[in-house]
Amino acid sequence: MIGLISATAAGAAARDRLAAAWPDRTRVYEGPVGQAVRAAFAECEQLVCFLATGAVVRLLAPLLGDKTADPGVVCVDEGGRFAVSLVGGHGGGANELAREVGGLLGAEPVVTTATDSVGLPGLDTLGLPYEGSVAVVSRALLDGEPVALEAEVPWALPPLPTSPQGSYTIRLTDRAVEPGEREVLLRPPSLVVGVGASKGAPAGEVLGLIEEALREGGLSPRSVAEVATVDAKAEEPGIVAAAERLGVALVTYSAEELAAVEVPNPSDAPLAAVGTPSVAEAAALLGGGELLVPKRKSVREDGQPAMATCAVVRRPGRGRLAVVGLGPGARDLLTPRAAAELRRASVLVGLDQYVDQIRDLLRPGTRVLESGLGAEEERARTAVAEARRGHAVALIGSGDAGVYAMASPALAEASDDIDVVGVPGVTAALAAGAVLGAPLGHDHVSISLSDLHTPWEVIERRVRAAAEADIVVTFYNPRSRGRDWQLPKALGILAEHREPATPVGVVRNASRPDESSRVTTLAALDPATVDMMTVVTVGNTATRNIAGRMVTPRGYRWQAAAPMSGSAAGQEGAQ
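Residues numbered from 1 in each chain as written. Predicted model: local features only at pLDDT ≥ 70, side-chain atom pairs only at ≥ 80, totals over all residues. Heavy atoms only, no water.

**Here's the deal with the overall build of the chain**
Thought 1: Assigned secondary structure in the chain consists of 19 helices and 28 strands.
Thought 2: In terms of principal-axis extent, the alpha carbons of the chain reach across some 95 × 65 × 55 Å.
Thought 3: Counting every position in the chain, which comprises 575 residues, the buried fraction comes to 46%.
Thought 4: Once local pairs closer than 6 in sequence are excluded, the contacts in the chain between residues at least 24 apart make up 64%. (Helix = DSSP H or I, 4+ residues; strand = E, 2+ residues; numbered from the N terminus. Buried < 20%, exposed > 50% of the residue type's maximum accessible area, 1.4 Å probe, protein only. Contact = heavy atoms within 4.5 Å.)

**A short note on helix α2 (residues 33-43)**
An α-helix turns once every 3.6 residues. As a result, residues three or four positions apart point the same way.
Thought 1: Burial in α2 covers these residues: Gly34, Ala36, Val37, Ala40 and Phe41. Buried residues in α2, looked at end-on, bunch into an arc of 160°, giving them a common side.
Thought 2: Buried residues in α2 make contact with β1 (2-6), β3 (46-50) and α3 (53-60). (Arc of directions from axis to C-beta.)

**Considerations on the pattern of salt bridges**
Thought 1: For the coordinates displayed, the defined rule picks out 32 salt bridges.
Thought 2: Measuring nitrogen to oxygen at the nearest pair gives 3.1 Å for the salt bridge that ties Asp417 to Arg388. Taken together, the residues span a long stretch of sequence, with Asp417 in the loop between α15 (407-413) and β20 (419-423) and Arg388 in helix α14 (residues 376-388) at a distance of 29 residues.
Thought 3: Of the residues examined, Arg388 reaches a relative accessible area of 41% and is grouped as partly exposed.
Thought 4: A salt bridge links Arg464 to Glu496, with the nearest nitrogen and oxygen atoms 3.1 Å apart. On the criterion of sequence distance, the pair formed by Arg464 in helix α17 (residues 456-468) and Glu496 in the loop between α18 (486-495) and β24 (503-508) is long-range, its members being 32 residues apart.
Thought 5: Via salt bridges that share partners, Glu150, Glu152, Arg171, Arg175 and Glu183 belong to a single interconnected network. (Salt bridge = Lys/Arg side-chain N within 4 Å of Asp/Glu carboxyl O.)

**Quick word on the pairing of β24**
Thought 1: Of all the six residues making up β24, five are buried; the element is thus mostly covered by neighbouring parts of the structure.
Thought 2: Relative to strand β25 (residues 516-521), β24 runs antiparallel, the two being bridged by six bridges. Among the inter-strand pairings, Val507 is bridged to a residue of β25, identified as Ser517.
Thought 3: Here five bridges tie β24 to strand β26 (residues 534-538), and the two strands are oriented antiparallel to one another. (Pairing = 2+ DSSP bridges.)

**Concerning the sheet that holds strand β7 (residues 130-132)**
Adjacent strands of a sheet form backbone hydrogen bonds with each other and so pair up, either parallel or antiparallel.
Thought 1: With respect to topology, four strands assemble into an open sheet ordered β7-β10-β9-β8, the strand pairing being mixed. Here the strands that pair on one side only, and so sit at the sheet edges, are β7 and β8 (147-151). Within this sheet the neighbouring strands show an average axis-to-axis angle of 15°, counted without direction.
Thought 2: Relative to strand β10 (residues 183-186), strand β9 (residues 168-172) runs parallel, the two being bridged by four bridges. Directly across from Arg171, in β10, lies its bridge partner Leu185.
Thought 3: The strands that helix α6 (residues 134-142) touches are β7, β8, β9 and β10; relative to β9, the one it contacts most, it runs at about 115°. (Axes fitted to C-alpha atoms, helices over the stretch in contact; angles between N-to-C directions.)

**With respect to unusual backbone geometry**
Thought 1: One non-glycine residue, Asp470, adopts positive backbone phi at about 60°.
Thought 2: The topology assignment puts Asp470 in the loop between α17 and β23 (472-476).
Thought 3: Among the residues examined, Asp470 registers a relative accessible area of 27% and is labelled partly exposed.
Thought 4: Residues other than glycine seldom take positive phi values, yet Asn477 does so here, at roughly 45°.
Thought 5: Within the element layout of this structure, Asn477 appears in the loop between β23 and α18.

**Notes on the side chain of Asp174**
Thought 1: Here Asp174 lies in the loop between β9 and β10.
Thought 2: Leave out the neighbours within four places in its chain, and Asp174 touches Val153, Arg187, Pro188, Ser190, Leu191, Leu219, Ser220, Ser223 and Arg314.

**Here we look at the side chain of Thr543**
Thought 1: For Thr543, the position within the fold is in the loop between β26 and β27 (544-546).
Thought 2: With a relative accessible area of 0%, Thr543 lands in the buried category.
Thought 3: Polar side-chain contacts of Thr543 include one of 2.8 Å to the side chain of Thr552. (Polar contact = N/O pair within 3.5 Å; in protein donor to acceptor, adjacent residues only side chain to side chain.)

**Quick notes on empty space enclosed by the protein**
Thought 1: Counted under the stated rule, the structure contains one cavity of 30 Å³ or more.
Thought 2: Approximately 30 Å³ is the volume found for the largest cavity.
Thought 3: Contributing to the lining of the largest cavity are Arg320, Ala322, Glu341, Arg344, Ala345, Ala392, Val393 and Ala394.
Thought 4: Top contributing element to the lining of the largest cavity by residue count: strand β19 (residues 392-397), with three residues. (1 Å grid on protein atoms, 1.4 Å probe; cavity = no way out; pocket = protein on both sides within 12 Å on 5 of 7 lines; lining within 4 Å. Points joined across faces, edges and corners; volume = space filled by probe spheres on them.)

**Observations regarding the confidence of the model for the chain**
Thought 1: Residues with a pLDDT of 70 or more make up 95% of the chain, whose mean pLDDT is 89.
Thought 2: Contacts of residues 562-575 to residues separated by more than four positions or lying in other chains number 19 contacts, the stretch itself having pLDDT below 50. (pLDDT = per-residue confidence, 0-100.)

As structure tokens, this is what we get:
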């Protein structure tokens, strides 16, 4: 919960805007400011104070304790110009909250945390448990000192400016080791503990067995991702309590699923009890991985038979492939989600000219793999291969990466051994449509006229189908120096079904500084004025030129009765 505190009418107005935007995330604290701050500090995970920074500092000073436990605090000035991350930038999430508040109120987020200021991810913000000298190693990264990354377990980390060797170390490990003086340990959630238990097995016995198995394997409890067992034991109190004590999820599988897993130590006892020859080993191994601690039984002090078994498996880290659409070129048409994925990726793969568009958004340490035109399949294979090595990869394309771009070749290469995320982008057709007016107001289709990957016979069949169906058409890749006949041919097919006065929009470099556009007609368009940087949108029989803009009505009944205007009034009968 985010506590909201204000002292003046101006502050209350901004406060109420946040409260209205985030009704489920916020709570307004009324009354004397000092009392409100103290109450919110005790009850909320974060605070937004619409007060002078000095006043907030004085109010907070007696309340501050441990930075890992204190709430994150953001201070917004009376004029709503700045959202200052004041306390708990990383641990309390104040840095990100300042950006959110700034985005909502139109305020400039002010973040002074050293790593954030220079675009480095904080080692304590990676979502992984950590140990060791975070401040010392972070300072070394900031100062450009050589910091080595030792990844004992492959994991998709964000970019870090590390070196093959260094006097400082970031170690990604699930082993039970102590950090050195100049070292940070990052604990990936790579361990799965499989557990079997008899009915009524005490929680202490189950938890004690798990802890002993981890010690035996030299493994850190902080890297345990889940406890796994058979469905029949989903509500076994001892297993449920052990998972809760470890702070991890309890995952269950059917006996049939577990029986299909090959294990080194099957047994008749679980087969008779729950229908599978293995519970602990099979549950741990079901998602794949390396068996680090084979099945072992608990030992009871009273000499009675063991009531619990467990096994520990290390699952391989999954790489992450984000296929990112950059939009048509203008920076303000790059979506926030796309920008976030670019900052998250430790490896960027893309066409060189697209990389140049967003190079300034990349974090220090991002490895860039760029290539020229014609290497699309190579880029797709490279991106998938890097993700399979456990990296966080962004594969970029212009517009939307799924439209005549990199998503399809990449996903054709990818299997289920990596995580894939699609990030949509503003397409060239949409950008051009916004420039032209509203040409895509009804059904529409995009067709690429490039026959480099698609036979012309197929393209022609699609153009003819769109022409016969009276659908607005946007042509991609309409004409190049080596392909100068396809656009006239396609326009000729459309002309068999549409009047010569049908509006046609031509937009070159939509949304970019040298953007140009014009609305002409099907009869008047000169294909020689079109190149590969252009999209051509041909209206249907209902499209009109109204005040120099292309408009395709949606066909509502009330529109049919409205008076027509524009240069294409002669086509009223087509409505």
